[in-house]
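Single-letter residue listing:
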Amino acid sequence: MIRRVKTAFVLFWVLLVACSASAQEYPTKQFPRFETVVQQFFQTYDLRSAYLEVTTKFEKRKDGWHVSIYEYSGSLKLVKTALYWSASAREYKELDFDKSKPGNPVEIPANLKDEWTLRAFNSSVYLGYSGWERDVIDELKTHTDLNDSLFYILGRAYASRATNLISNQNDFPDEHERFTLPEHKDALSPDQLKLYREYEHKAIECFEKVTKLNPSFGTIVGNIGFKTCNEYVNAYVSLLMVQDEQEARKELPDKMLYDEFVISYAKNLLSMCAKDAILFVNGDNDTFPLLYVQTKLGYRTDVRLVNAGLLRLPRYIDMLRETFLKSAPLPLTLTHEQYWGDVREVVYVRQQAKFMKINKAFQLLNDTCCKPRQGDSLRPWYFPSNRLLLSDEKGMEYSITLSQAYLLKNDLMLLDLLAHNHTRPMYVANTCEVAFYSPYMKFLTNEGPAWHFVFQKQTDSINGQYNTGVNYQNLLNQFEWKGLGSALPEADQQLALNYQIVFWDLADALMRAHQEDSAKTALHKAVALFPDNVIPWGEVMLNYVYDYFVLGDTKDGLETARIVLPRLTGNPRRNEYLQFLHQLAKTTYSRDLQDLLAHYPE
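All values derive from a computational prediction rather than experimental measurement.

**Student:** For this particular structure, what's the right way to read the overall build of the chain?
**Tutor:** Of the regular secondary structure elements, the chain holds 22 helices and 18 strands. Relative to its length of 602 residues, the chain is compact, with a C-alpha radius of gyration of 26 Å against a globular reference of 25 Å. Each of the three principal axes of the chain carries a C-alpha extent, and together these read 65 × 60 × 55 Å. A burial count over the chain gives 54% of its 602 residues as buried. Accessible surface, the chain as shown: approximately 27,100 Å² in total, 50% of it carbon and sulfur. The averaged location of the 75 negative side-chain charges in the chain is 3 Å from the averaged location of its 67 positive side-chain charges.

So, in structure tokens, the structure goes:
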């Protein structure tokens, strides 16, 4: 159990690595830190008795810290907002909320303790409200002597403002600035296109200044160099959605983006897909490099990339219904009118006792029973059944039961493809959010850095199936491994960490299949590619220690343990890991491991 939990943790870290310590606090404002304000508020006030379902948001504005209370009743509704800490008076203000009683435990919502949230607010000038980008730009744009953190903050503000002009992808959109655009392509007027490019190019200019000042500056996607490359491709994708491919391509520079290792990673993920496949990806780092090698390098242009997050945007869905490079349109049956705007933004799933054919379920989507009543904002859209029967191209039926209470627009589009795509292979990268593909795990086969949708009679499994043959061929024979040999930058380390997990998964599956020699080969290949000086070994390598000892390779197991064990100091799961290793020493009767662990008591 400990090993599976650990894997899930590391994959999450691959996706959401927080900003590095190079992000500094804005020095001239002297605001109290985000966590201090949050702690003070929840120590002083208790909202539980006044509201049923509350979301508390904090806003770092020009005049100080504001707090806003939202209540959920079908949708988020602003109940109250107030200035809590005044920048002019430099003190907390009394608010009209119920006071917390002495001795009550302080309960802070998890989203307000998230490390990325803390660092984002503490390093930014202003944040957390509609129009923060404008306020940041107004304050910083005339300065030429900004440090790396402030140039990055200014770049983020320009980038967010550019995106906000054409789509609602931001946490705090400014509806007053967004363009009112027609629903078709070539939607931007010349002046609108010019303004979008002005903001986007200024964002890239700021990021490139950060790169010159501090090449190791950390961002949520890795170092600043990786972020800058992603920003170029982000501008390309944005204009693909609203303008045309000719205008979009102007955003990709003649210079080479990304380093050799990232290019190899992108090629490897594409190369494992069958011809004309559909590949679902999710984050910036597993979308933009792949799209770049397709567009600029002409590599595997038959594979259709689908970003699971962007799949919630109607314009992105429209784009997927068109031919792109050498990839045919996706066989989606939902029409433009059935997903445009906020139509079916959230679709609640009806609980049914009997199974319904998925094609019929989609036919019923337009029935009165599945639509909101006109003028009734509280009655939501519905999907007709949680119990569905899918058919393959041969007419074989497979049952699935949707466990989630509702579907977002991207969930609905995935279901549409599962129902109506019978010709094109489908894959989902293992860096996608598990919630996106978890309802279909029994149809997923692990083939390396991506799962393959395979419709065949399978036993229900929360872990899916495992194709050791294809996986072994991909990792040991087919993939290319360029850009290795020296320490990888932070963003590349995230991708390398994913490889470490994939190699261990393969070795583990081979051990279960009693192919011990192949399992050893997989482990040794991973260590040869990614030694400690290329990517500093962390807790994921404890899984390698386990496999080494089970395979009887105590020498490599001890060597790996000696490197990783000292690095557990300060790890919140240190005791759990040590218990695991002590148990391993007992079950494998390893005196050498017991002697090593004597320096690390449970």
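Read on, since the account is not over.
**Student:** Is there a simple way to explain the sheet that holds strand E13 (residues 397-401) in this structure?
**Tutor:** In a beta sheet, neighbouring strands pair by backbone hydrogen bonds and run either parallel or antiparallel. Spatially, E10-E12-E13 is the arrangement adopted by the three strands of the open sheet, whose pairing is mixed. Since the sheet does not close on itself, it has two edges, and those belong to strand E10 (356-357) and E13, each with one partner. Relative to strand E12 (residues 387-391), E10 runs parallel, the two being bridged by two bridges. Note that in E12 the partner of lysine 357 across the bridge is leucine 389.

**Student:** Just checking my understanding: could you explain the confidence of the model for the chain for this structure?
**Tutor:** Predicted coordinates in areas of low pLDDT are best not read in detail. Confidence along the chain averages 88 in pLDDT terms, with 90% of residues attaining 70 or more. Below a pLDDT of 50 lies the segment residues 1-25, which in the model reaches 75 contacts outside its immediate sequence neighbourhood of four places, other chains included.

**Student:** Explanation requested: helix H14 (residues 409-420) in the structure shown.
**Tutor:** The periodicity of an α-helix, 3.6 residues per turn, causes residues three or four places apart in sequence to face the same way. Taking 1.5 Å of rise per residue, 12 residues should cover 16 Å, and H14 covers 17 Å from first to last C-alpha, within 8% of that figure. Counting buried positions over the 12 residues of H14 gives 11, a clear majority of the element.

**Student:** Sorry, what's going on with the pairing of strand E8 (residues 304-307) here?
**Tutor:** Every regular strand shows the same layout, with side chains that alternate between the two sheet faces. The alternating pattern of E8 places Arg304 and Val306 and Leu305 and Asn307 on opposite faces, both of which are buried. Summarising the sheet, strand E7 (residues 278-281) and E8 pair through four bridges and their orientation is parallel. Bridging across to E8, phenylalanine 280 finds its partner in valine 306. In the classification by handedness, the crossover that spans E7, the intervening helix H10 (residues 288-295) and the parallel E8 is right-handed.

**Student:** So what exactly am I meant to see when it comes to the nonpolar core here?
**Tutor:** Across soluble globular proteins, nonpolar side chains show a tendency to be buried alongside one another. Ranked by internal contacts, the top residues of the largest apolar core, which has 194 residues, are Phe41, Leu279 and Phe280. Apart from the residues within four sequence positions on either side, phenylalanine 280 is in contact with Val306, Leu311, Leu414, Leu417, Met426, Tyr427, Val428, Ala429, Cys432 and Phe436.

Here is what the cut-offs are and how they apply
Residues numbered from 1 in each chain as written. Predicted model: local features only at pLDDT ≥ 70, side-chain atom pairs only at ≥ 80, totals over all residues. Heavy atoms only, no water. Helix = DSSP H or I, 4+ residues; strand = E, 2+ residues; numbered from the N terminus. Rg over C-alpha atoms; globule rule 2.2 N^0.38 Å. Buried < 20%, exposed > 50% of the residue type's maximum accessible area, 1.4 Å probe, protein only. Areas by Shrake-Rupley, 256 points an atom, 1.4 Å probe, with all protein chains shown as cover. Lys, Arg positive; Asp, Glu negative; His and termini not counted. Charge placed at Lys NZ, Arg CZ, Asp CG, Glu CD. Pairing = 2+ DSSP bridges. pLDDT = per-residue confidence, 0-100. Contact = heavy atoms within 4.5 Å. Expected span 1.5 Å × (residues − 1). Right-handed = clockwise from strand over helix to strand, strands pointing away. Core = buried A, V, L, I, M, F, W, Y, C linked by side-chain atoms within 4.5 Å.

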